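Report on the structure
The lines below spell out each chain.
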Amino acid sequence: MTLRWEAFLDAVRERGEYDTSEEAERAARVVLALLGAHLVGTVRAELAARLPETMSLVLLNPLQAAEPLTPERFVRATAAWIEGATESTALWDIGAVLSTAADAAGDDLTERVLLQLPPGYDVLFGRPRPGHRP
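Overview of the structure. (Residues numbered from 1 in each chain as written. Predicted model: local features only at pLDDT ≥ 70, side-chain atom pairs only at ≥ 80, totals over all residues. Heavy atoms only, no water.)

The next point concerns the environment of Leu 32. With respect to the secondary-structure elements, Leu 32 resides in helix α2 (residues 21-36). Note: C-alpha distance between Leu 32 and Thr 42 (10 residues apart in sequence) is 16 Å. (Helix = DSSP H or I, 4+ residues; strand = E, 2+ residues; numbered from the N terminus.)

Structural data, given as structure tokens:
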């Protein structure tokens, strides 16, 4: 089931403790664009289908990545794309967006998304695997 635009932004805004929907949307666009560069095939298409149309398009038309980013580099890249962000605030932004996307995706699809990403992304999605500490 596709998550409605308002519900998606409200969840990101609440989790990220943003003052405005615009801040939540900015974080969501950057994080999903970076994520989309790392996902391929049906997994990316299935995740996009569960997001609101605007965010679906961001995921399906990603920024270009030359190589998969480690979770640490993903955080740094997010900080570089969000004006005024630090790695700490980017980590917060990523958690708000990816945990919302994971909830929309459900456990099975989230697991398949994580299989396409380098180790350590489970924590960024708010789904740490037992026995894997950062």
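Glancing now at the side chain of Ser 99. Assignment of secondary structure puts Ser 99 in helix α6 (residues 87-105). The exposure class assigned to Ser 99 is buried, which follows from its relative accessible area of 13%. A distance of 3.0 Å separates a polar atom in the side chain of Ser 99 from a polar atom in the side chain of Arg 15. Not counting residues within four places of it along the chain, the set of residues in contact with Ser 99 comprises Arg 15, Ile 94, Phe 125 and Arg 127. (Buried < 20%, exposed > 50% of the residue type's maximum accessible area, 1.4 Å probe, protein only. Polar contact = N/O pair within 3.5 Å; in protein donor to acceptor, adjacent residues only side chain to side chain. Contact = heavy atoms within 4.5 Å.)

Let us now look at the packing of helix α1 (residues 5-16) against α6. Close contact between α1 and α6 brings their axes to 9 Å; oriented N to C, the two are set at 140°. Judged on the interaxial angle alone, α6 and α1 are oblique. Crossing of α1 over α6 shows right-handed handedness. The residues of α6 that touch α1, namely those facing Phe 8, Ala 11, Val 12, Arg 15 and Gly 16, are Trp 92, Ala 96, Val 97, Ser 99, Thr 100, Ala 101 and Asp 103. Its residues assigned to classes, the contact of α1 with α6 shows 7 nonpolar, 3 polar and 2 charged. (Axes fitted to C-alpha atoms, helices over the stretch in contact; angles between N-to-C directions. Parallel < 35°, antiparallel > 145°, perpendicular 65-115°, else oblique. Left-handed = near helix turned anticlockwise from the far one by under 90°. Nonpolar A, V, L, I, M, F, W, Y, C, P; charged D, E, K, R; others polar.)

What follows covers the packing of aromatic side chains. Counted by the stated rule, this structure contains 1 aromatic pair. With centroids separated by 5.4 Å and ring planes inclined at 75°, the aromatic side chains of Phe 74 and Tyr 121 adopt a geometry described as edge-to-face. In this pair, Phe 74 is assigned in helix α5 (residues 71-81) and Tyr 121 in helix α8 (residues 121-124), connecting sequence segments 47 residues apart. (Phe/Tyr/Trp six-rings, centres within 6.5 Å; stacked < 30°, edge-to-face > 60°.)

For the rest of this paragraph, the subject is α2. With 16 residues, α2 extends 22 Å from end C-alpha to end C-alpha; this agrees with the ideal 22 Å at 1.5 Å per step. Of the positions making up α2, those classed as buried are Ala 24, Ala 27, Ala 28, Val 30, Val 31, Leu 32, Ala 33, Leu 34, Leu 35 and Gly 36. Against α1, α3 (41-49), α4 (53-60), α5 and α6 lie the buried residues of α2. (Expected span 1.5 Å × (residues − 1).)

Along the chain, His 38 falls in the loop between α2 and α3. Assessed through its relative accessible area of 9%, His 38 is described here as buried. A distance of 2.8 Å separates a polar side-chain atom of His 38 from the backbone oxygen of Leu 34. Polar side-chain contacts of His 38 include one of 2.9 Å to the backbone nitrogen of Leu 69. Setting aside its immediate chain neighbours within four residues, His 38 contacts Ala 65, Glu 67, Pro 68, Leu 69, Phe 74, Gln 116 and Leu 117.

What follows deals with α4. Met 55, Ser 56, Val 58 and Leu 59 are the residues of α4 that are buried. Angularly, the buried residues of α4 cover 160° about the axis, an arc narrow enough to put them on a single face. Buried-residue contacts for α4 involve α1, α2 and α3. (Arc of directions from axis to C-beta.)

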